[in-house]
Amino acid sequence: MKLVRRKAAPPPPADPCLGDPTARRLYDALANREWPEARAVLDAAQHPDDRTFYLEVCGAVPGVQHWIGRLADEDPLAQLVRGAHAVQWAWDARGGYQAQYTAQQSFEVFFERLRLAESCLYDVVGKHPDEVSAWAFLVRTARGLQLPLADGQFRYREAVQRFPQHWKANFELLQTLCAKWFGSHEQMHGFARDVATRAPAGSMLHALVPLAHLETAIEAPAQIAAYMTRADVRADLRTAANHSIWHPAVELRPGAPNVLNVFAMAFTLSEDPAAAAPVFQQIGGRPTPVPWAYLPGDFAANFQAARDRVLS
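Asks: What is the right way to look at the packing of helix H1 (residues 21-31) against helix H2 (residues 35-44) in this model?
Replies: Helix-helix packing: each pair is described by the crossing angle between the helix axes and the interaxial distance. Axis separation between H1 and H2 bottoms out at 8 Å; the angle between their running directions is 150°. If you check the angle between H1 and H2, you find them roughly antiparallel. Every pair of crossing elements has a handedness; the one defined by H1 and H2 is left-handed. Note on element contacts: H2 touches H1 through Trp35, Glu37, Ala38, Ala40, Val41 and Leu42, opposite Thr22, Arg25, Leu26, Ala29 and Leu30. Of the residues assigned to the contact of H1 with H2, the class counts are 8 nonpolar, 1 polar and 2 charged.

Asks: I keep staring at the environment of Ala241 and nothing clicks. Help me out?
Replies: Mapped onto the elements of the fold, Ala241 is located in helix H13 (residues 231-243). A relative accessible area of 0% means that Ala241 is categorised as buried. Spatially, the C-alpha atom of Ala241 lies 20 Å from that of Glu172, the residues being 69 residues apart in sequence. Setting aside anything within four residues of it in sequence, one finds Ala241 in contact with Trp246, His247, Phe263 and Phe267.

Asks: Would you mind showing me how to read the pattern of salt bridges here?
Replies: Once their charged atoms are close, side chains differing in charge can pair, the charge on each being opposite to the other. The full count for this structure, using the stated rule, is 19 salt bridges. A salt bridge links Glu37 to Arg25, with the shortest nitrogen-to-oxygen separation between them at 2.5 Å. In this pair, Glu37 is assigned in helix H2 and Arg25 in helix H1, connecting sequence segments 12 residues apart. Owing to a relative accessible area of 39%, Arg25 belongs among the partly exposed residues under this scheme. Salt-bridge contacts for Arg253 lead to Glu251; the nearest nitrogen and oxygen are separated by 2.7 Å. What makes Arg253 partly exposed here is its relative accessible area of 24%. One continuous salt-bridge network, built from bridges that share partners, spans Glu56, Arg143, Lys168 and Glu172.

The rules behind each value
- Residues numbered from 1 in each chain as written.
- Predicted model: local features only at pLDDT ≥ 70, side-chain atom pairs only at ≥ 80, totals over all residues.
- Heavy atoms only, no water.
- Axes fitted to C-alpha atoms, helices over the stretch in contact; angles between N-to-C directions.
- Helix = DSSP H or I, 4+ residues; strand = E, 2+ residues; numbered from the N terminus.
- Parallel < 35°, antiparallel > 145°, perpendicular 65-115°, else oblique.
- Left-handed = near helix turned anticlockwise from the far one by under 90°.
- Contact = heavy atoms within 4.5 Å.
- Nonpolar A, V, L, I, M, F, W, Y, C, P; charged D, E, K, R; others polar.
- Buried < 20%, exposed > 50% of the residue type's maximum accessible area, 1.4 Å probe, protein only.
- Salt bridge = Lys/Arg side-chain N within 4 Å of Asp/Glu carboxyl O.

And the structure:
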């Protein structure tokens, strides 16, 4: 009898909504230019992390900038959506390449769109200073516009003094503190450890620790395995998971796949399949660009290859 090799499953399609039905409702409303429906979804999102996640979904909808501006002059929430969308719109222009590989014309469009985002978001916080999501997005625009580190830190403080557990604000400052931007490995790891130490049990913020390890590892691609399989790194990963996604007090909110994917990739690269397998099962078919786009190739294909290897 001839044996037939089983074909590898195709990678799941990229889904900015991460399987969340409310996010899909929002995405479809914006795609159809149904602002009252989109507004209702955002108004109902009272938890700061949920609100920010849904604003990131807004950023993934093509064409929003073509019509949202006429509403933004009179509606602060439309202005917030416009700013959040402009942030992603800017990074779309730049692409996923490092600065030295990005064309000058792409950089010009990148900065132009970031300045639009800055204008919109600062207009929002000027009128509504407690809009945590706007401050979190402003941490990213500060980095993209290459403003001094102090600017990003100021915006970060404005966000976390209003909601200390805010995932995006902490995530964006960690990115700013990476060696590839304005910091160093020491600053990045110090920040991740400090935030995790202060975070309550079950908080997603403990995922900053494995994220910092991934950022360190990808700086030297030939040494990823050697770094990620170090005993101290593997211990850090399991400790972080025990305090967050594996803790009885954990609350997995709509944007949780962003955190679960960080753990899945970190456990995979640390050659700890026993830890990685249950995380992949939780994720299902919801890969995220961060962190899977850190590896060469399509991020969804990277996720699928790792998942197949671990679960086999």
